[in-house]
Amino acid sequence: MPDAAVTMVVTEPDGPLVPSVAATVPPEGRQVRVSVLASGVCHADIGTARASKAHADAPVTPGHEVAGVIAEVGDRVTGWKVGERVAVGWFGGSCGHCAYCRAGDVVHCPERKVPGLSYPGGWAQSITVPTDALARIPDGLDPFDAAVFGCAGVTTFNAVRNAGTRAGGRVAVFGLGGLGHLAVQFAARLGYETVAVARGAGREELARALGARHYVDSTRRSPGAALAELGGADHIVCTASSTEAVDELVTGLRAHGLLTLVGVDAGTLSLPVGLLVSRGLRVAGHLTGSARDTEEAMAFAVTNGVRPMIERMPLKDAGEAVSRLRSGAPRFRIVLDPAQVS
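Residues numbered from 1 in each chain as written. Predicted model: local features only at pLDDT ≥ 70, side-chain atom pairs only at ≥ 80, totals over all residues. Heavy atoms only, no water.

A. Geometry of empty space enclosed by the protein. By the definition in use, this model includes one cavity of 30 Å³ or more. Lining the largest cavity are Gly89, Trp90, Phe91, Ala133, Gly150, Thr288, Gly289, Ser290, Ala291 and Thr294. Across the lining of the largest cavity, the residue classes tally to four nonpolar, six polar and no charged. (1 Å grid on protein atoms, 1.4 Å probe; cavity = no way out; pocket = protein on both sides within 12 Å on 5 of 7 lines; lining within 4 Å. Points joined across faces, edges and corners; volume = space filled by probe spheres on them. Nonpolar A, V, L, I, M, F, W, Y, C, P; charged D, E, K, R; others polar.)

As structure tokens, this is what we get:
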């Protein structure tokens, strides 16, 4: 087993991401060390990579979409063994004893851990994590695809499946980017009449290929009005990073409809309260899922042919990946390859 690994680090606030060779962290107690095979780049990593508290003695390593193989296990680990393929996502562990954990809602544990924030993240060849952060990768799923399920995949899967939408109901996905292209696939494979809403006529062919039955070009029509013309949506999943369109989007919900915010910015909402009351509408936020949820998302993907659309980049180009993400250049998801470090 290697005793050193390449890790991408930031050593000062707003500093560059640079490769560093560091000793691997041996697992203790209920931890495992994972040899990383693939590591995704998420929009949330932009903030992590700014590394506001970084300094030379405590560098920051971002990355919370990880797929790899267990390389070592701690002396109190049971149920996991060296050689198993695993994924680690935004949920990186919890306290296990608070009211939320005891209710099974580990994602909202006040002491929850996030790779890259709570401990060194996955933009590295090795990561050490608590076992409750681990999700088993099913046969038939490539690690570069599996990495994405730790955050984007499980987030959109849970947002769609947990909404309580009636069987055969109409689900609209606002945005067709890194989150939206997965949400469209999940909604369609779960049997919903799926509507994709995105900018420009050029994305319609892709949206339909992903499973959308209808397409709304938001540059030509107001999305809420277009959805209302279809008879209204039971559920709207808003995956765009801007909240600007939400107040108009809710007009496209039918009575008792739900709008779920997945992609967000620092904005605020201005909602037509009369409409919310008269139609019994709901607007809610949604945050990722547990390791078990990630396993279920991956299993569903294998069975139903859901896959992320990814762009591979070498680990050493993590800084460039962040710059591309910040500028909106990637069409869908970037996944870093730790095997490419030179």
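B. A look at helix H3 (residues 143-161). The end-to-end C-alpha distance of H3, which contains 19 residues, comes to just 24 Å, noticeably less than the 27 Å that a straight helix rising 1.5 Å per residue would cover. Of all the bends in H3, the greatest, near 65 degrees, is centred on Phe149. Here H3 lies mainly inside the structure; 18 of its 19 residues are buried. Between the side-chain oxygen at the start of H3 and the backbone nitrogen of Phe144 there is a gap of 2.7 Å, and the oxygen is on Asp142. (Helix = DSSP H or I, 4+ residues; strand = E, 2+ residues; numbered from the N terminus. Expected span 1.5 Å × (residues − 1). Bend = angle between axes of the 7 residues up to and from the residue. Buried < 20%, exposed > 50% of the residue type's maximum accessible area, 1.4 Å probe, protein only. Polar contact = N/O pair within 3.5 Å; in protein donor to acceptor, adjacent residues only side chain to side chain.)

C. Just the pairing of strand E9 (residues 193-198), in detail. The buried count for E9 comes to six of six residues, which makes it a mostly enclosed element. The side-chain alternation of E9 yields two buried faces, one formed by Glu193, Val195 and Val197 and the other by Thr194, Ala196 and Ala198. Pairing of strand E8 (residues 170-174) with E9 involves five bridges; the strand directions are parallel. The partner of Val171 across the bridge, within E9, is Thr194. Chirality of the crossover, the property in question, places the unit of E8, helix H4 (residues 180-189) and E9 among those that are right-handed. In this structure, E9 lies alongside strand E10 (residues 214-217), joined through four bridges in parallel fashion. (Pairing = 2+ DSSP bridges. Right-handed = clockwise from strand over helix to strand, strands pointing away.)

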